[in-house]
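Results of the structural survey
Given next are the chains, with one letter for each unit.
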Amino acid sequence: MDTLLLLKAAILGIVEGLTEFLPISSTGHLILAGELLKFNDERGKLFEIVIQSGAILAVIWEYRARITAVLAGARHDRAAQRFLLNLAIAFCPAAALGFLFSKAIKAHLFNAPVVASMFIIGALVIMWAERRQHSIRVQTVEEMTPLDALKVGCAQAFALVPGTSRSGATIIGGMLFGLSRKAATEFSFFLAIPTLIIASLYSLYKDRALLVADDLGIWAVGLLFSFISAFFCVRWLLRFISSHSFMVFAWYRIVFGIIVLLTWHYGWVNWVDS
């Protein structure tokens, strides 16, 4: 196996793990990193789908006790049943819209002006959300109602537009709908599990012709580094939000949006999902 290729796989795994659960859009960062590393062909795009699994496994491992308890009580525990129902409800809006409009989104919205605009618009939304007075109704994920879950699910649907950030949409959306910062963040983590698993399996099925045994090495490296970086990122974010706002991510999004426009304007990055 090419050592340079393994190094690229490790770098992209780290990028995926660090950006998947922060409100800064993993998609935009992977496009930029893939272009700079010259690993942005169809094989590279499939690799980006595969390494999402590492980030998902990090969340599953971090919350393994709670997930096990929920699954064990799914048949008789009302709280566990309500939690699973909330996840199913929140998953549906983005899944339905993605199934119906994914081709149109890739054809018309996956370009530098849209990605950069969504980075900056998302930053302004974060700033507005952080500066408004919060009226918290829901302190923990367990207190969420199906209506709360539906609202967060609708917020997640905005992440279908490239550059929005799935975690950013769900966390900030949750806060705007009355969830505490911790509840919104944790529900975003839990919602990522079915969302990313099903999206990844669907993408792998569509691109199954590109699956070759020779790529198992780079997949393993990418998955490993994605898992490790996501694991530490999730733990860090939970500590960070206990005493900080998301304003730093808003300013970061503005800077990254400008980078997107510059790399597009000068032709340094091909901001087209072919």
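Cut-offs used in this document
Residues numbered from 1 in each chain as written. Predicted model: local features only at pLDDT ≥ 70, side-chain atom pairs only at ≥ 80, totals over all residues. Heavy atoms only, no water. pLDDT = per-residue confidence, 0-100. Helix = DSSP H or I, 4+ residues; strand = E, 2+ residues; numbered from the N terminus. Phe/Tyr/Trp six-rings, centres within 6.5 Å; stacked < 30°, edge-to-face > 60°. Buried < 20%, exposed > 50% of the residue type's maximum accessible area, 1.4 Å probe, protein only.

1. Here we look at the confidence of the model for the protein chain
Here the protein chain averages 91 in pLDDT, and 99% of its residues register 70 or above. When mean pLDDT is compared element by element in the protein chain, helix α7 (residues 146-157) scores highest at 97, while helix α2 (residues 26-36) scores lowest at 86.

2. Some details on the packing of aromatic side chains
The description of two aromatic rings rests on the distance between their centres and on the angle between their planes. In the structure shown here, the tally under the stated rule is 14 aromatic pairs. Taking 4.7 Å as the distance between ring centres and 55 degrees as the angle between the ring planes, the aromatic pair formed by Tyr63 and Phe190 counts as tilted. On the criterion of sequence distance, the pair formed by Tyr63 in the loop between α3 (42-62) and α4 (64-72) and Phe190 in helix α9 (residues 181-206) is long-range, its members being 127 residues apart. Exposure remark for Phe190: the relative accessible area of 3% places this residue in the buried category.

3. Overview of α2
Of all 11 residues in α2, 9 are buried; the element is thus mostly enclosed. Ser26, Gly28, His29, Leu30, Ile31, Leu32, Ala33, Gly34 and Glu35 are the residues of α2 that are buried. Just downstream of α2 lies Lys38, where phi reads positive at about 60 degrees.

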